[in-house]
Amino acid sequence: MNYLEAYDKKTGTLVVEYPLHDVELPTLKKMLGIEEGIEIFGYDVSHAQATALGRYIHEPFTVDETCDYQVGFYRE
């Protein structure tokens, strides 16, 4: 499972992470412009990209302007 992570801009502390459902790794990488063969663990995303990823979050989601966002790539 991969996650959209929200970090407080002032402290850099992880505030919340949202599981990204129903999106395969190759599709997610393509959406973010990451080459297929590259292994990556975290990738900074813009607020616009975070908003677009909201469609894969199964709970209400809105971008918090006080946070920076990153996609966390995890193997299970």
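What counts as what
- Residues numbered from 1 in each chain as written.
- Predicted model: local features only at pLDDT ≥ 70, side-chain atom pairs only at ≥ 80, totals over all residues.
- Heavy atoms only, no water.
- Helix = DSSP H or I, 4+ residues; strand = E, 2+ residues; numbered from the N terminus.
- Buried < 20%, exposed > 50% of the residue type's maximum accessible area, 1.4 Å probe, protein only.
- Contact = heavy atoms within 4.5 Å.
- Pairing = 2+ DSSP bridges.
- Axes fitted to C-alpha atoms, helices over the stretch in contact; angles between N-to-C directions.
- Phe/Tyr/Trp six-rings, centres within 6.5 Å; stacked < 30°, edge-to-face > 60°.
- Core = buried A, V, L, I, M, F, W, Y, C linked by side-chain atoms within 4.5 Å.
- Polar contact = N/O pair within 3.5 Å; in protein donor to acceptor, adjacent residues only side chain to side chain.

Caption draft 1: Main features of the environment of Val-71. By the secondary structure assignment, Val-71 is in strand β4 (residues 67–72). For Val-71, a relative accessible area of 0% corresponds to the buried category. Sequence-wise, Val-71 and Tyr-56 are 15 residues apart; in three dimensions their C-alpha atoms are separated by 12 Å. Residue contacts for Val-71: discarding those within four places in its chain leaves Tyr-3, Leu-4, Leu-20, Leu-28, Leu-32, Phe-41, Gly-42, Tyr-43, Val-45 and Leu-53.

Caption draft 2: View of the sheet that holds β4. One open sheet holds the four strands; their spatial order is β2-β1-β4-β3, and the pairing between them is antiparallel. Each edge of the open sheet is held by one strand with a lone partner, namely β2 (14–20) and β3 (42–45). Looking at each pair of strands side by side, their axes are set apart by 25 degrees on average, direction ignored.

Caption draft 3: Spotlight on the packing of aromatic side chains. Using the criterion set out here, one finds three aromatic pairs in the structure. Ring geometry for Tyr-3 against Tyr-74: centres 5.5 Å apart, planes inclined by 75 degrees, an arrangement best described as edge-to-face. Placement of Tyr-3 in strand β1 (residues 2–8) and of Tyr-74 in the segment after β4 is noted, with a sequence separation of 71 residues between them. Centroid distance Tyr-18 to Phe-61: 5.0 Å. Interplanar angle 80 degrees. Geometry classified as edge-to-face. One end of the pair, Tyr-18, is in strand β2; the other, Phe-61, is in the loop between α2 (47–53) and β4, and 43 residues separate them in sequence. In this structure, Tyr-18 and Phe-61 share a single accessibility class: buried.

Caption draft 4: Structural context of the nonpolar core. Of all hydrophobic cores here, the largest spans 19 residues; its most connected members are Leu-4, Leu-20, Leu-28, Tyr-69 and Val-71. Counting residues per element, the ones that place at least two in this core are β1, β2, α1 (25–32), α2 and β4. If one sorts the elements of this core by residue count, β4 sits on top with three residues. Each residue touching Leu-28, except ones within four places of it in the same chain, is listed here: Asn-2, Leu-20, Val-23, Leu-53, Val-71 and Phe-73.

Caption draft 5: Structural context of the side chain of Glu-5. Position of Glu-5 among the secondary structure elements: in strand β1. Engagement of the side chain of Glu-5 in a polar contact is seen with the side chain of Tyr-74, the distance being 2.6 Å. Among residues more than four places away in sequence, those in contact with Glu-5 are Leu-14, Val-16, Glu-17, Asp-68, Tyr-69, Gln-70, Gly-72 and Tyr-74.

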